[in-house]
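# A look at the structure
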Amino acid sequence: MKLVLETLDRLIAFDTISARSNLALIGFVEAFCRERGAETRRISGTRSDKCGLIARFGPDREDGILLSGHTDVVPAEGQNWTRPPFALTREGDRLFGRGTTDMKGFLACMLDAADTAARADLTRPLTLLFSYDEEIGCVGIKEMLPELKTLLRPQRLCIVGEPTGMLVATGHKGKAALKARCTGQSGHSALAPHFVNALHLASDFVTGLRGVQAWFEANGARDAAYDVPYTTLHAGRMTGGTALNIVPDRAEVIFEYRYLPADGDAAVLSRIEKMAESIAASYAGQWDGTAIAIERLNAYPGLEIAADAQAVRLACDLSPVAGITKVAFGTEAGVIGALGIPTVVCGPGSMAGQGHKPDEYIELSQLSACKAMLDRAVGTLT
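Every chain is numbered independently, its residues counted from 1 as its sequence is written. For a predicted model such as this one, the threshold for reporting local features is a pLDDT of at least 70, and the threshold for listing and counting side-chain atom pairs is 80 or more; totals across whole chains, interfaces and linings nevertheless cover every residue. To obtain the side-chain values, all non-hydrogen atoms of the structure were used and water was disregarded.

All axes here are fitted lines through C-alpha atoms, helices being fitted over the stretch that makes contact, and every angle between N-to-C directions spans 0 to 180 degrees. The numbering of helices and of strands both runs from the N terminus, where a helix is a DSSP run of H or I of at least 4 residues and a strand a run of E of at least 2. Here helix 1 (residues 2–13) crosses helix 2 (residues 23–35) at 150 degrees, and the two axes come no closer than 10 Å. When the interaxial angle is binned, helix 1 and helix 2 end up roughly antiparallel. Residues Leu3, Thr7, Arg10 and Leu11 of helix 1 pack against Leu25, Phe28, Val29 and Phe32 of helix 2. Of the residues that constitute the contact of helix 1 with helix 2, the class distribution is 6 nonpolar, 1 polar and 1 charged. Comment on the angle field: the value is read as roughly parallel under 35 degrees, roughly antiparallel over 145, roughly perpendicular from 65 to 115, and oblique elsewhere. What makes two residues a contact is simply this: any of their non-hydrogen atoms within 4.5 Å. The residue classification treats Ala, Val, Leu, Ile, Met, Phe, Trp, Tyr, Cys and Pro as nonpolar and Asp, Glu, Lys and Arg as charged. All others, Gly included, are polar.

A separate point is the sheet that holds strand 4 (residues 89–91). Any two strands between which DSSP finds at least two bridges are classified as paired. If you walk across this open sheet you meet the 3 strands as 4-5-19, and the pairing is antiparallel. The open sheet has two edge strands, strand 4 and strand 19 (361–363), and neither has a second partner. Along the sheet, successive strands turn relative to each other by an average axial angle of 25 degrees, direction set aside. With 3 bridges connecting them, strand 4 and strand 5 (residues 94–96) associate as antiparallel partners. Residue pairing across strands places glutamate 91 opposite arginine 94, the latter belonging to strand 5.

Summarising the element assignment, lysine 149 is placed in helix 4 (residues 139–151). Accessibility here uses a 1.4 Å probe with only protein chains present; expressed as a share of the type maximum, an area under 20% marks a residue as buried, one over 50% as exposed, and anything in between as partly exposed. For lysine 149, a relative accessible area of 58% corresponds to the exposed category. Through-space distance from the C-alpha of lysine 149 to that of alanine 113 is 24 Å; in sequence the pair is 36 residues apart.

Classification of ring pairs uses Phe, Tyr and Trp, with its six-membered ring standing for Trp, and accepts pairs whose centres are within 6.5 Å; under 30 degrees between planes counts as stacked, over 60 as edge-to-face, and the remaining range as tilted. Counted by the stated rule, this structure contains 6 aromatic pairs. When the centroid spacing of 5.2 Å and the interplanar angle of 65 degrees are considered together, the rings of phenylalanine 205 and phenylalanine 255 count as edge-to-face. Taken as a pair, phenylalanine 205 in helix 5 (residues 198–219) and phenylalanine 255 in strand 14 (residues 250–259) lie far apart in primary sequence, 50 residues in all. A relative accessible area of 0% places phenylalanine 205 in the buried class. Here phenylalanine 255 falls in the buried class, since its relative accessible area comes to 2%.

For the bond from aspartate 102 to methionine 103, the omega torsion is -10 degrees, close enough to zero to count as cis. Residue placement: methionine 103 occurs in helix 3 (residues 100–118). The phi torsion at aspartate 63 lies on the positive side, around 75 degrees, for a residue other than glycine. The residue aspartate 63 is located in the loop between strand 2 (51–57) and strand 3 (65–70) in this model. Here methionine 166, not a glycine, exhibits a phi torsion of approximately 70 degrees, which is positive. Within the secondary structure layout, methionine 166 lies in the loop between strand 7 (157–160) and strand 8 (168–169).

The next thing to look at is the pattern of salt bridges. The term salt bridge refers to a pairing of a side-chain nitrogen on Lys or Arg with a carboxyl oxygen on Asp or Glu at a separation within 4 Å. Taken as a whole and assessed by the stated rule, the structure comprises 29 salt bridges. A salt bridge links glutamate 35 to arginine 36; the nearest nitrogen and oxygen atoms lie 3.7 Å apart. For glutamate 35, a relative accessible area of 64% puts it in the exposed group. With a closest N to O distance of 2.6 Å, aspartate 49 and arginine 47 form a salt bridge. Taking relative accessible area as the criterion, aspartate 49 reaches 22% and is therefore assigned partly exposed. Three or more residues are tied together by salt bridges with common partners; here these are Glu35, Arg36, Asp115 and Arg119.

Here's what the structure looks like:
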């Protein structure tokens, strides 16, 4: 565990919240891998201060194992930390610091596996994938996707190391974040009934989202493996208006849906769009310029792999913790899986108990279990 802990200490010291650069961390990781004989390739995104990295150990062929993790973390500002967030603090079995669980603990184990692979006679490749801006909606991996399509060969298994308590996760919901732009009429509030109030449109739209939610709860797909076993819709923000005595002509609703793969992204969006059209049409007699326009802000696909798939059986054989689960949070696994690489999520720590919280920590026992899993993974490549 010595190298894992030393590496984690270095990784935590890099302040890689999503708003900041990750280049210093990538430089450290790339140097670590190159010193051990890896072939590496940086993949740049739309920002000059961000990039991803691929490192390969062993022969350039198919049928290896891919390990994947993101380098960014959520902010520590505004949280009541009692320990320094960007310095590793050990207290008993717990290691504190921003990203220890989500997910630099897994990154440290990835680099430990790289060190093991460099000293092994590999007949199949071990590939490491480091991304960025996952915490703001899997943005980085999608920017990397055009190059990943040509750089990543088919593999036996990809493990995305988000915190699952080392259980093998075979699924999570897809997500879309959207904005509804509501157009009404401005006018003096003394004559408010003569105008279409955009905030009324927005309120009707939020009520409509609740109706769509109820429809999917009653009629949509269900999967008991999830805490909420059906597709969900959520309105997170509504804004509009400039002054109390002016009828607002613009309003916006920021909302999301998290969908089961069996329902599908297109079906959910179609039902929302039809609902919005119906609301706007109900005001057309008052003013024919009434409109609700839906704009997609971001999205990532869900993950769904059969529990009896060969890759899942392999992942279960590798993990020292028995069991299969599905997770409520989104990951990059669906993006990688869409490339035709069988993908699971499995990593140390608990998202519910530790991720995104002040005084985030990882337990040594979880890191040890992750190291054991990745040691076994390297062993299958010799």
